[in-house]
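Here are the chains, one letter per residue:
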Amino acid sequence: MTKETLTFEEALQRLEEVLAKLERSDCPLEEALGLFEEGMRLVQKCRGKLADVEGKVSVLLKDSQEFAPFSGEEEQA
């Protein structure tokens, strides 16, 4: 499966694997750089997928006339 066809969950799992490898103290510099680059691509992919879903949810809520834009934070009482 290529990186372009990864699901959100697969990309997130791979990102966790990359982070675990980067946290090792014995990770060579060149490998760490490659892992960092891969991690950044995975983060961008996950953010893009989340933004797509957020947009679709907003449209669905708007269509149901209960539109409430996602702020990312819960309101405090």
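Conventions and cut-offs
- Residues numbered from 1 in each chain as written.
- Predicted model: local features only at pLDDT ≥ 70, side-chain atom pairs only at ≥ 80, totals over all residues.
- Heavy atoms only, no water.
- Helix = DSSP H or I, 4+ residues; strand = E, 2+ residues; numbered from the N terminus.
- Contact = heavy atoms within 4.5 Å.
- Areas by Shrake-Rupley, 256 points an atom, 1.4 Å probe, with all protein chains shown as cover.
- Expected span 1.5 Å × (residues − 1).
- Buried < 20%, exposed > 50% of the residue type's maximum accessible area, 1.4 Å probe, protein only.
- Core = buried A, V, L, I, M, F, W, Y, C linked by side-chain atoms within 4.5 Å.
- Salt bridge = Lys/Arg side-chain N within 4 Å of Asp/Glu carboxyl O.

## Some words on the overall build of the protein
For step 1, the next point in the chain: When helices and strands are tallied, the protein shows two helices and zero strands.
For step 2, the next point in the chain: Contacts in the protein between residues at least 24 apart in sequence constitute 55% of all its contacts with a sequence separation of at least 6.
For step 3, the next point in the chain: In the structure as shown, the protein presents an accessible area of about 6,500 Å², 56% of it carried by carbon and sulfur atoms.

## A closer look at helix α2 (residues 29-63)
For step 1, the next point in the chain: The terminal C-alpha atoms of α2 lie 51 Å apart, and with 35 residues this matches the ideal 51 Å at 1.5 Å per residue to within 8%.
For step 2, the next point in the chain: By the burial criterion, the buried members of α2 are Ala 32, Leu 35, Glu 38, Gly 39, Leu 42, Cys 46 and Ser 58.
For step 3, the next point in the chain: For α2, the elements touching its buried residues are α1 (8-23).
For step 4, the next point in the chain: One or two steps after α2, the chain reaches Gln 65, where phi turns positive at roughly 65 degrees.

## So, α1
For step 1, the next point in the chain: Taking 1.5 Å of rise per residue, the 16 residues of α1 would be expected to cover 22 Å, and the 22 Å separating its terminal C-alpha atoms lies within 8% of that figure.
For step 2, the next point in the chain: Packed against the buried residues of α1 are α2.

## Some details on the nonpolar core
For step 1, the next point in the chain: Counting nine residues, the largest nonpolar core is built from Leu 6, Ala 11, Leu 15, Val 18, Cys 27, Ala 32, Leu 35, Leu 42 and Cys 46.
For step 2, the next point in the chain: For this core, the elements supplying multiple residues, two or more each, are α1 and α2.
For step 3, the next point in the chain: Looking at this core, the element that brings in the most residues is α2, giving four residues.

## Some details on the pattern of salt bridges
For step 1, the next point in the chain: For the coordinates displayed, the defined rule picks out three salt bridges.
For step 2, the next point in the chain: Two residues, Arg 14 and Glu 38, come together in a salt bridge whose shortest N-O distance is 2.7 Å. Linking Arg 14 in helix α1 with Glu 38 in helix α2, this pair joins segments that are 24 residues apart in sequence.
For step 3, the next point in the chain: Judged by its relative accessible area of 22%, Arg 14 is partly exposed.
For step 4, the next point in the chain: Since its relative accessible area comes to 11%, Glu 38 is described here as buried.
For step 5, the next point in the chain: What you see here is one network of salt bridges that share partners, running through Arg 14, Glu 17 and Glu 38.

By themselves, these are just geometric observations and shouldn't be taken as functional.
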